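Descriptive structure summary
Here are the chains, one letter per residue:
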Amino acid sequence: LALPQQGLKALLEKTSFAMARDDVRYYLNGVLLEWGQEKIRAVATDGHRLALMDYPAASGVEDLSVILPRKGIQGLERLLDDTEDPVQLAFSGNHIRLTFPGIQFKSKLIEGRFPDYRRVIPEMTEKPVQVDRRGIQQVLKRIAVLSNRKTHGVRLNASAASLQLTAENPDQEQGTEELEVEYEGDPLEIGFNIDYLQQAMGALNCEKAIIHLWDSQSSCLILPEEGRTPLYVIMPMRL
């Protein structure tokens, strides 16, 4: 199989930050790569969040999936370039070999069954929150200074045309900022891990991020303003 280096690099960079670290569920300590007739999909999850990206590529292959381990991904991210130069992928047993100009890279694959990630991706709501991506990135960065060091929580209060973000810690320090957003749904309060939100927003390449919120007990779905991937799912947390 083959695809441009920049395609594989993007698939890994947009998802690998969500994979688990030293989880006993060893199949979560890597990135799932799935091949379809017209696309390649990368998925990573640590059980609290999920990252998914599709890259268009006519492979002529169906139902092929492998799990790349963390160390292999870290090595590839350093070696791959943002070019159209192809990288060739070959498989043998539980190993993968990637070949590109001047380099041959081999890695052992993670054996195991990756969970059915499709079951945890929530449906899109009719009235999502549309927010300036850079604006919310800056707000998250500022108030993260006052978030609880153990829980890393941030509270989101969505109301008509407004999104308020609040972080506080056991020392009774609190940071609150408000953003103008496009939102026509009912008022909603929900908590998330602030680091997860920051990483998801940082991985998107768009002016506006679309946040689909259902209720305080349901995961949120974060999408770019155009297209369906990359997408990010983050579980809520109690604050």
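See the structure above.
Here we summarise the structure given alongside this text. Because the structure is predicted, anything quoted here is derived from the model rather than measured.

This brings us to the sheet that holds strand E9 (residues 129-132). Strand order across the open sheet formed by eight strands is E5-E2-E3-E4-E16-E15-E14-E9, with antiparallel pairing between neighbours. Edge strands, defined here as strands with exactly one partner in the open sheet, are strand E5 (64-69) and E9. Taken over all neighbouring pairs, the strand axes of this sheet differ in orientation by 20° on average, direction set aside. In terms of strand pairing, strand E3 (residues 39-45) meets strand E4 (residues 49-56) through seven bridges, oriented antiparallel.

On to the pattern of salt bridges. It is possible for side chains of opposite charge to pair when their charged atoms get near one another. Scanning the entire structure with this criterion turns up ten salt bridges. Asp 54 is paired through a salt bridge with Lys 39; the nearest N and O atoms lie 3.6 Å apart. Here Asp 54 is found in strand E4, whereas its partner Lys 39 is found in strand E3, with 15 residues between them in sequence. On the basis of relative accessibility, which here comes to 36%, the residue Lys 39 falls in the partly exposed class.

To continue, consider the nonpolar core. Within the largest apolar cluster, 62 residues are counted, with the highest numbers of intra-cluster contacts made by Leu 98, Ile 136, Leu 165, Phe 192, Ile 211 and Ile 222. Here this core gets six residues from one element, more than from any other, and that element is helix H4 (residues 194-203). Excluding anything up to four places from it in sequence, Phe 192 contacts His 152, Gly 153, Val 154, Leu 156, Leu 197, Leu 213, Cys 220, Ile 234, Met 235, Pro 236 and Met 237. Grouped together as the second largest cluster of nonpolar side chains are 14 residues, Val 43, Leu 50, Leu 221 and Leu 231 included.

Calculation rules
- Residues numbered from 1 in each chain as written.
- Predicted model: local features only at pLDDT ≥ 70, side-chain atom pairs only at ≥ 80, totals over all residues.
- Heavy atoms only, no water.
- Pairing = 2+ DSSP bridges.
- Helix = DSSP H or I, 4+ residues; strand = E, 2+ residues; numbered from the N terminus.
- Axes fitted to C-alpha atoms, helices over the stretch in contact; angles between N-to-C directions.
- Salt bridge = Lys/Arg side-chain N within 4 Å of Asp/Glu carboxyl O.
- Buried < 20%, exposed > 50% of the residue type's maximum accessible area, 1.4 Å probe, protein only.
- Core = buried A, V, L, I, M, F, W, Y, C linked by side-chain atoms within 4.5 Å.
- Contact = heavy atoms within 4.5 Å.

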